[in-house]
Amino acid sequence: ILAPVVSWAANFLLRKQMDVDITIAPTTEKKQQITGIVRFENGSWVSTGKVFCKLHIENQLTGEKEDGLLEVSIPAKSTCESSFSLQSQYCGYIKVSIKELILTDWFGFLPLKCGLQAEGKVSVLPETFAPHVSMDISYLYGILSNGQETMVCMLDRAEVLVAAPL
């Protein structure tokens, strides 16, 4: 009967020496699955029981929301990583954050909330493709000259190339 209480007390002290971090790619394409990593660090001399990490994933542009659960045990003075996957059908800005972090005692009876926070962000881009650029001299429609520089005007009037004579 005393063991769960001692374990809960150890977790109470342990939660001050824990750290958590979320790592995820900064960009991805829509409909492409990516993997993120949640890294837990235990700086204490006591190993944890089970650690339950509730992730909240939200596309801030479209309002898509999803929650996930990670479960790990972290040995004393070590780091543990757990991965998660996500995919969005729409473009937007996805924020992955820790909704709740719960430590349980070694027997799993007494939960203790840990106030650690972390977040990762990823931009979901439209379907991208490799750029293919070609320049053909036949697209030039006029050449203007003003002394030292020669200005070449393209069909797109927003682009003007300036070349200095040799």
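Residues numbered from 1 in each chain as written. Predicted model: local features only at pLDDT ≥ 70, side-chain atom pairs only at ≥ 80, totals over all residues. Heavy atoms only, no water.

**Q** How should I be thinking about the overall build of the protein chain in this particular structure?
**A** In terms of regular secondary structure, the protein chain is built from one helix and twelve strands. Reading the secondary structure of the protein chain in the N-to-C direction produces α-β-β-β-β-β-β-β-β-β-β-β-β. Here the protein chain holds 166 residues, and 32% of them are scored as buried. Counting contacts in the protein chain only where the partners sit at least 6 residues apart, residues at least 24 apart contribute 66% of the total. (Helix = DSSP H or I, 4+ residues; strand = E, 2+ residues; numbered from the N terminus. Buried < 20%, exposed > 50% of the residue type's maximum accessible area, 1.4 Å probe, protein only. Contact = heavy atoms within 4.5 Å.)

**Q** Even after reading the chapter, I still don't get the nonpolar core, so can you show me in this structure?
**A** Proteins that are soluble and globular tend to have nonpolar side chains buried together. Among the nonpolar cores identified, the biggest contains 28 residues, and Phe40, Leu55, Phe84, Val96 and Leu101 are the most heavily contacted of them. Among the secondary structure elements, those contributing two or more residues to this core are β1 (18–23), β3 (34–42), β4 (51–59), β5 (65–72), β6 (78–86), β7 (92–104) and β9 (119–125). Tallying contributions element by element places β7 first for this core, with five residues. Contact partners of Val96, with chain neighbours within four places excluded, come to Ile22, Ile24, Leu55, His56, Ile57, Phe84, Leu86, Ala118, Glu119 and Gly120. (Core = buried A, V, L, I, M, F, W, Y, C linked by side-chain atoms within 4.5 Å.)

**Q** Quick question: what am I supposed to make of the sheet that holds β3 here?
**A** The strands that make up a sheet pair up through hydrogen bonds in the backbone, lying either parallel or antiparallel. If you walk across this open sheet you meet the three strands as β1-β3-β6, and the pairing is antiparallel. Where the open sheet ends on each side, the last strands, each with one partner, are β1 and β6. The average angle at which neighbouring strand axes cross in this sheet is 20 degrees, direction not considered. Both β1 and β3 contribute to a ladder of six bridges, which runs antiparallel. When the bridges of β3 are listed, Thr23 appears paired with Ile37. (Pairing = 2+ DSSP bridges. Axes fitted to C-alpha atoms, helices over the stretch in contact; angles between N-to-C directions.)

**Q** So what exactly am I meant to see when it comes to the pattern of salt bridges here?
**A** A side chain with one charge can pair with a side chain of the opposite charge if their charged atoms come near. With the rule as written, the count across this model stands at seven salt bridges. A salt bridge links Arg39 to Glu41; the nearest nitrogen and oxygen atoms lie 3.1 Å apart. Arg39 sits in the partly exposed class, given a relative accessible area of 23%. Taking relative accessible area as the criterion, Glu41 reaches 34% and is therefore assigned partly exposed. The structure contains a network of salt bridges with shared partners spanning Lys54, Glu100 and Lys113. (Salt bridge = Lys/Arg side-chain N within 4 Å of Asp/Glu carboxyl O.)

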